[in-house]
Amino acid sequence: MRAIVVNQNGGPAVLELTDVPQPTPGVGEVLVKVEAAAVNPFDAQVRRGDYAAYMPTPHKLGVDVSGTVVAIGEGVDTLAVGDDVFYSTRVLSNEGGYAEYHVEQAQLIAKKPKDLSFVDAAALPIAASTAWVCLLERGRLQAGERVLIHGASGGVGLFAVQIGRLTGAEVVATSRADVRELVQSLGADTTINYRDPDAWDQLATHSNGGYDVIIDLVGGDTIQKSLGLLAPGGRVVSIVDQPNPQSLYDGWGFNAEIHLVFLTPSADRLAKLASLTTRGLLKPVVEQTLPLEKAVEAHRLIEAGGRTGKIVLVTS
């Protein structure tokens, strides 16, 4: 089978389309014929070697998968051959979605809704699950509360805006000016161009006594600069590596909570997200679809930034 392999860490050019043996499902596992695999910023980090201690070369990439079950291992009774599925892989231990076939534990896999394409299904697992965890499981966002989403035009951000709206919260979002209409159409009550010189002043003006939940999808010193915008008992949730020390003193006056999220896969969570898509309440946004052999181009696009939604690789 064909798969993208990283033989040495580095830039996008190190990605190689290679023939490798087709895997065989073990106990509790299924073999999936991959139809689509989303490309994530995390994939680029792994390729560069940011997690080399956990992912020594050679290794495969890809943590978002959709496809069809073609074989099942012993003890699997929740899935059958022919089921269309989608899932996120075990991060840093079983990646390899950029391939024609992939094996994963059946307990982590959800059935794909019939009316959801393979491309849209591949765009869901990591990004939508991360938004769900940030807003609901860690942020505990409630109807009537106010949420600020930093970086709302990316893959996670666009799902976060929609989930915030479904929760019944007031959604304030930062994004690029060129995607303001899209972000608002998905549920943002207020959208602020993060490039405006007075963007932080605008955020303070719209805080109306403070944000109950602030989602950091940007990094840098976003947590430190956001603490003064919190409501009492407010929660800051970040998915971004924090490379530099930040002062958290401003959070004490608000009894702030700070959550750093690293996603773990869950079929139950995916089933909830699938239900929302079936009901028309959650919409994947796919910016571009590329064939598997153009994984290098996909990684160049991811690293260039300014993405709106997801980039998805397809195997045929």
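Scroll up for the structure.
The structure reproduced in this document is the subject of the present report. (Residues numbered from 1 in each chain as written. Predicted model: local features only at pLDDT ≥ 70, side-chain atom pairs only at ≥ 80, totals over all residues. Heavy atoms only, no water.)

Focus on the nonpolar core
Logical step 1: Core analysis: the largest hydrophobic core is formed by 76 residues, its most contacted members being V147, I149, V161 and I215.
Logical step 2: No other element matches helix α3 (residues 125–138), which puts 8 residues into this core.
Logical step 3: Once residues within four sequence positions are removed from consideration, I149 is found in contact with A160, V161, V171, V172, A173, T174, I215 and L217.
Logical step 4: Y211, I223, L230 and V236 belong to the second-largest nonpolar core, a separate cluster that totals 12 residues. (Core = buried A, V, L, I, M, F, W, Y, C linked by side-chain atoms within 4.5 Å. Buried < 20%, exposed > 50% of the residue type's maximum accessible area, 1.4 Å probe, protein only. Helix = DSSP H or I, 4+ residues; strand = E, 2+ residues; numbered from the N terminus. Contact = heavy atoms within 4.5 Å.)

Describing the packing of aromatic side chains
Logical step 1: Within this structure, the stated rule accounts for 3 aromatic pairs.
Logical step 2: Aromatic pair F42 and F262: ring centres 6.3 Å apart, planes at 75°, arrangement edge-to-face. In this pair, F42 is assigned in helix α1 (residues 41–48) and F262 in the loop between β14 (257–260) and α9 (267–278), connecting sequence segments 220 residues apart.
Logical step 3: Taking the relative accessible area as the measure of exposure, F42 reaches 16% and is therefore buried. (Phe/Tyr/Trp six-rings, centres within 6.5 Å; stacked < 30°, edge-to-face > 60°.)

Topic: the pattern of salt bridges
Logical step 1: Applying the stated rule across the entire model yields 14 salt bridges.
Logical step 2: Residue E35 pairs with K33 through a salt bridge whose shortest N-O separation is 3.4 Å.
Logical step 3: K33 gets classed as partly exposed once you look at its relative accessible area, which sits at 28%.
Logical step 4: Here E303 ties to R48 by a salt bridge, and the two come within 3.2 Å at their closest N and O atoms. With a gap of 255 residues between them, E303 in helix α10 (residues 295–304) and R48 in helix α1 connect regions that are remote in the sequence.
Logical step 5: What emerges from the salt-bridge pattern is a single network uniting R47, R48, D50 and E303. (Salt bridge = Lys/Arg side-chain N within 4 Å of Asp/Glu carboxyl O.)

Some thoughts on the packing of α3 against helix α4 (residues 155–167)
A packed helix pair is summarised by two numbers, namely the angle formed by the two axes and the spacing between the axes.
Logical step 1: One way to put it is that α3 packs onto α4 with a least axis distance of 8 Å and a crossing angle of 45°. Overall, the two elements α3 and α4 adopt an arrangement that is oblique. Where α3 crosses over α4, the handedness of that crossing is right-handed. On α4, the residues that touch A127, A128, T130, A131, W132, L135 and L136 of α3 are G155, V156, F159, A160, I163, G164 and T167.
Logical step 2: A breakdown of the residues in the contact of α3 with α4 according to their chemical character gives 10 nonpolar, 4 polar and no charged. (Axes fitted to C-alpha atoms, helices over the stretch in contact; angles between N-to-C directions. Parallel < 35°, antiparallel > 145°, perpendicular 65-115°, else oblique. Left-handed = near helix turned anticlockwise from the far one by under 90°. Nonpolar A, V, L, I, M, F, W, Y, C, P; charged D, E, K, R; others polar.)

Some remarks on the sheet that holds strand β12 (residues 211–216)
Logical step 1: Judged by pairing direction, the sheet is parallel, and its 6 strands sit side by side in the order β11-β10-β9-β12-β13-β14 without closing on themselves. Looking at the sheet topology across the chains shown, the edges are occupied by β11 (190–193) and β14. Here the strands of the sheet are splayed against their neighbours by 15° on average, with no regard to which way each runs.
Logical step 2: Bridge analysis of strand β9 (residues 146–150) against β12 gives 4 bridges, and the strand direction is parallel. Looking at β12, one finds that I149 is bridged to I215. (Pairing = 2+ DSSP bridges.)

Focus on the sheet that holds strand β4 (residues 59–60)
What holds strands together in a sheet is hydrogen bonding between their backbones, with the strands either parallel or antiparallel.
Logical step 1: Read from one edge of the open sheet, 3 strands run β2-β1-β4, paired in antiparallel fashion. Edge strands, defined here as strands with exactly one partner in the open sheet, are β2 (15–19) and β4.
Logical step 2: Of the strand pairs in this sheet, strand β1 (residues 2–6) and β2 are connected by 5 bridges, and their pairing is antiparallel. Within β2, the position partnered with V5 by the bridge is E16.

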